[in-house]
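Structural overview for review
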There are 2 protein chains.
Amino acid sequence: MIHSDGFRALDRQECLGLLAKMPVGRVVYTRQALPAVLPVNFSLDTDSAVVLCTSAASDLVRAIDGVVVAFEADDFHAERRAGWSVVVTGRAAVVTDPAEHERLSRTGPRSWMPMHDGVFVRIEAEMVTGRELTGVTG
Amino acid sequence: MIHSDGFRALDRQECLGLLAKMPVGRVVYTRQALPAVLPVNFSLDTDSAVVLCTSAASDLVRAIDGVVVAFEADDFHAERRAGWSVVVTGRAAVVTDPAEHERLSRTGPRSWMPMHDGVFVRIEAEMVTGRELTGVTG
């Protein structure tokens, strides 16, 4: 389908390179049996896992800790009808190891909201897919 | 949670007003029991339903016709740590009525890809939620 619908498939390295440039992506998950999506700032860990920082008491943590989620980022230009999107699919887990938490406190993302109970959530880059629309006229 | 995490909740009219300004949003659904997300250009119908135009043979149509999906759009500015996001949740359905298809062919979105089997998909605006982050320093 990638080719039949006018998109070019991106390989894993292209996807991760584009993802690394974006400050905000979207966590895609299920909440109360309904599809849910939440934009968050993020960073990529050394193993390419997506890392978020959020409140330990948040609905998001309750919903995604230990389950497979998708994480999406994209950049489209409407006037050129061009752009790209990348989706990382993998298991999300709150970082509970103190040394890992300490490491991510130095190297990981900072929440855009003030918070006293911040935790890091890693989304493993088990499946990384992306596509590019190079521009279509008409 | 909306207030405790530093966001302001947006009402339905604010949400629809912001949504109407965006050319691209993201369909959030389930594919083969995994969370899935696909950016698409869209327009809002007169009843505020989200309207997409895609290939009748697409994986997207197979996955979402007749089921409840989420549709998300957002606009964030990393340097100001400010922005907004809106999520429409409702049943998606391919438009099969010829008169409706004809109407949307005039008023609805045009696919960014050339396509010979284009169909319109409406996502009913059953639940519309949004939040705004007005900017946080530090």
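Residues numbered from 1 in each chain as written. Chains lettered and ligands numbered in written order. Predicted model: local features only at pLDDT ≥ 70, side-chain atom pairs only at ≥ 80, totals over all residues. Heavy atoms only, no water.

A few words on the overall build of chain A. What chain A contains, in helices and strands, is 3 helices and 9 strands. Start at the N end of chain A and walk to the C end: the helices and strands fall as β-α-β-β-β-β-α-β-β-α-β-β. A globule of 138 residues ought to have a C-alpha radius of gyration of about 14 Å, and chain A, at 16 Å, matches this closely. Principal-axis analysis of the C-alpha atoms places the extent of chain A at approximately 50 × 35 × 25 Å. Within chain A, the fraction of its 138 residues that count as buried is 53%. Counting contacts in chain A only where the partners sit at least 6 residues apart, residues at least 24 apart contribute 68% of the total. Per element, the accessible surface of chain A, about 6500 Å² overall, is 53% carbon and sulfur. Charged side chains in chain A number 14 positive and 18 negative. The centres of these two groups are separated by 3 Å. (Helix = DSSP H or I, 4+ residues; strand = E, 2+ residues; numbered from the N terminus. Rg over C-alpha atoms; globule rule 2.2 N^0.38 Å. Buried < 20%, exposed > 50% of the residue type's maximum accessible area, 1.4 Å probe, protein only. Contact = heavy atoms within 4.5 Å. Areas by Shrake-Rupley, 256 points an atom, 1.4 Å probe, with all protein chains shown as cover. Lys, Arg positive; Asp, Glu negative; His and termini not counted. Charge placed at Lys NZ, Arg CZ, Asp CG, Glu CD.)

With that out of the way, let us pick up the relation of the copies chain A and chain B. Under the fitted operation, chain A is carried onto chain B by 0.0 Å of movement along the axis and a turn of 180°, and the coordinates agree to an RMSD of 0.0 Å. Taken together, the turn and the small shift mark the pair as related by a two-fold rotation axis. Of the C-alpha atoms belonging to chain A, the one lying closest to the rotation axis is found on V28(A), 3.5 Å away. Here 100% of the contact residues of chain A are again contact residues in chain B; the copies associate through an equivalent surface. (Least-squares fit on C-alpha atoms with pLDDT ≥ 70 in both.)

Between chain A and chain B, the contact holds 36 residues from the first and 36 residues from the second. Around 3000 Å² of area is buried between chain A and chain B when both sides are counted, 76% of it from carbon and sulfur atoms. Contact with chain B buries area across many residues of chain A, yet P35(A), W112(A) and M113(A) alone supply 22% of it, more than any other trio. Where chain A packs against chain B, one counts 2 residue pairs in polar contact (both at pLDDT 80 or more). Breaking the side of chain A that touches chain B down by element, the ones donating at least two residues are β2 (24–31), β3 (34–41), β6 (68–77), β7 (82–94) and β9 (127–133) of chain A. Counting residues per element, the side of chain A that touches chain B draws most heavily on β6(A), which supplies 7 residues. Among the residues forming the side of chain A that touches chain B, the class breakdown is 24 nonpolar, 5 polar and 7 charged. (Buried area = accessible area lost by both parts, 1.4 Å probe. Polar contact = N/O pair within 3.5 Å; in protein donor to acceptor, adjacent residues only side chain to side chain. Nonpolar A, V, L, I, M, F, W, Y, C, P; charged D, E, K, R; others polar.)

A grouping of L34(A), V68(B) and M127(B) is seen on the molecular surface, where their side chains present a nonpolar patch of about 220 Å² in accessible area. The class for V68(B) is partly exposed, based on a relative accessible area of 38%. (Patch = residues over 30% accessible without salt bridge, like charges linked within 9 Å, V, L, I, M, F, W, Y side chains within 5 Å. Salt bridge = Lys/Arg side-chain N within 4 Å of Asp/Glu carboxyl O.)

As a further point, take the environment of T89(B). Residue and element names in this part refer to chain B. Residue position: T89 is located in strand β7 (residues 82–94). Sequence separation of T89 and T129 is 40 residues, and the distance between their C-alpha atoms is 8.4 Å. Once you skip the residues sitting within four places of it in the chain, T89 turns out to touch V68, V69, A70, E124, A125, E126 and M127.

Working note: regular strand, side chains alternate between the two faces of the sheet. Residue and element names in this part refer to chain B. When you tally the buried positions in strand β3 (residues 34–41), you get 7 out of 8 residues, the bulk of the element. As defined by bridge partners, strand β2 (residues 24–31) adjoins β3 across 8 bridges and the pair is classed as antiparallel. For V27, the partnering residue across the bridge sits in β3 and is L38. (Pairing = 2+ DSSP bridges.)

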